[in-house]
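Letter by letter, the chains look like this.
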Amino acid sequence: MPGSPAHLVARFFDVAFARALTGSERAAVAAWLDPEQAAVFFSQSDADQRHGYEAALHLIADGVDSVEILQAGLLHDIGKRHASLGIIGRTIASILIILRMPLPERMRMYRDHGQLAARELGALGAPSLVIDFAMHHHGDRPPTIDPRTWAFLVAADEPPKPRWALRGRITSNDT
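Residues numbered from 1 in each chain as written. Predicted model: local features only at pLDDT ≥ 70, side-chain atom pairs only at ≥ 80, totals over all residues. Heavy atoms only, no water.

(A) Here's a closer look at the overall build of the chain. A count of helices and strands for the chain gives 11 helices and 0 strands. Looking at the chain as a whole, 46% of its 175 residues are labelled buried. Looking at the chain alone, contacts between residues at least 24 apart form 66% of all its contacts between residues at least 6 apart. Of the accessible surface of the chain, which amounts to about 8500 Å², a share of 58% is contributed by carbon and sulfur atoms. (Helix = DSSP H or I, 4+ residues; strand = E, 2+ residues; numbered from the N terminus. Buried < 20%, exposed > 50% of the residue type's maximum accessible area, 1.4 Å probe, protein only. Contact = heavy atoms within 4.5 Å. Areas by Shrake-Rupley, 256 points an atom, 1.4 Å probe, with all protein chains shown as cover.)

(B) Focus on the packing of aromatic side chains. Going through the model one piece at a time under the given rule, you end up with 5 aromatic pairs. Measuring from ring centre to ring centre gives 5.6 Å for Phe-133 and Trp-150, while their planes differ by 75 degrees; the resulting arrangement is edge-to-face. Residue Phe-133 is found in helix α9 (residues 128-136), and its partner Trp-150 is found in helix α10 (residues 147-157); the two are separated by 17 residues along the sequence. We classify Trp-150 as buried; its relative accessible area is 11%. (Phe/Tyr/Trp six-rings, centres within 6.5 Å; stacked < 30°, edge-to-face > 60°.)

(C) Seen up close, the environment of Ala-10. Its place among the elements puts Ala-10 in helix α1 (residues 5-16). With a relative accessible area of 16%, Ala-10 lands in the buried category. Through-space distance from the C-alpha of Ala-10 to that of Glu-158 is 9.1 Å; in sequence the pair is 148 residues apart.

(D) Local environment of the pattern of salt bridges. Under the defined criterion, the tally for this structure stands at 7 salt bridges. Notably, a salt bridge pairs Arg-50 with Glu-25, separated by 2.8 Å at the nearest N-O pair. Here Arg-50, found in helix α4 (residues 46-61), pairs with Glu-25, found in helix α2 (residues 23-32); they are 25 residues apart in sequence, far enough to count as distant. With a relative accessible area of 3%, Arg-50 lands in the buried category. For Glu-25, a relative accessible area of 5% corresponds to the buried category. Ionic pairing is found between Arg-108 and Glu-105, a salt bridge with its closest N-O pair at 3.9 Å. Placement of the pair is Arg-108 and Glu-105 together in helix α7 (residues 105-111), with a separation of 3 residues, close to one helical turn. Connected through shared salt-bridge partners, Arg-19, Glu-25 and Arg-50 make up one network. (Salt bridge = Lys/Arg side-chain N within 4 Å of Asp/Glu carboxyl O.)

(E) Expanded view of α9. Along α9, the positions that sit buried rather than exposed are Leu-129, Val-130, Ile-131, Asp-132, Phe-133 and Ala-134. On its buried face, α9 sits against α5 (67-75), α8 (113-123) and α10.

(F) Layout of the nonpolar core. Among the nonpolar cores identified, the biggest contains 34 residues, and Val-29, Trp-32, Leu-59, Leu-74, Leu-75 and Leu-121 are the most heavily contacted of them. Looking at this core, the elements with two or more residues in it are α2, α3 (35-42), α4, α5, α8, α9 and α10. Listed in part, the 8 residues of the second largest apolar core include Ala-83, Leu-85, Ala-93 and Met-107. (Core = buried A, V, L, I, M, F, W, Y, C linked by side-chain atoms within 4.5 Å.)

(G) Just the packing of α8 against α9, in detail. Between α8 and α9, the shortest axis-to-axis distance is 7 Å and the interhelical angle comes to 165 degrees. Accordingly, the angle class assigned to the pair α8 and α9 is roughly antiparallel. Between α8 and α9 lies a crossing of left-handed hand. Contact residues: Gly-114, Gln-115, Ala-117, Ala-118, Leu-121 and Gly-122 in α8; Val-130, Ile-131, Ala-134 and Met-135 in α9. (Axes fitted to C-alpha atoms, helices over the stretch in contact; angles between N-to-C directions. Parallel < 35°, antiparallel > 145°, perpendicular 65-115°, else oblique. Left-handed = near helix turned anticlockwise from the far one by under 90°.)

In structure tokens form, the structure reads like this:
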């Protein structure tokens, strides 16, 4: 963390122009998560909810039908909410991380969001795949995740998703 400059620019615009999930999108997410996971998911910013939802849509478009894999796509960034950084704070944190400069506590939390998410997901009793992807999604594939699943999840995490191609493709009735 963070990704390449192109990834960061794409993510900046993804966050800047993120819109709240619609009612049918929220229903789809709720159908894929248990109530505790859904509560955590919906406590994220609109941008992070949108990112997780679009990751799930990407997985479905790739033919993934495993609820655990969809949960991993939806929940991998839940640790970011603990930092409470807006778009400017996230941008500054990313620049400081790239420059390997000291980070204030909230920016360290942002940098370490995968570890925070993994601990929280573990406490919620999430499947190991969900926990392991949250922990390692900005690093190397852990041996606990098979290469094909890892490839699907990493591809789904890449911004930006083409909104015009994903909008309205999935509802809670499609699960």
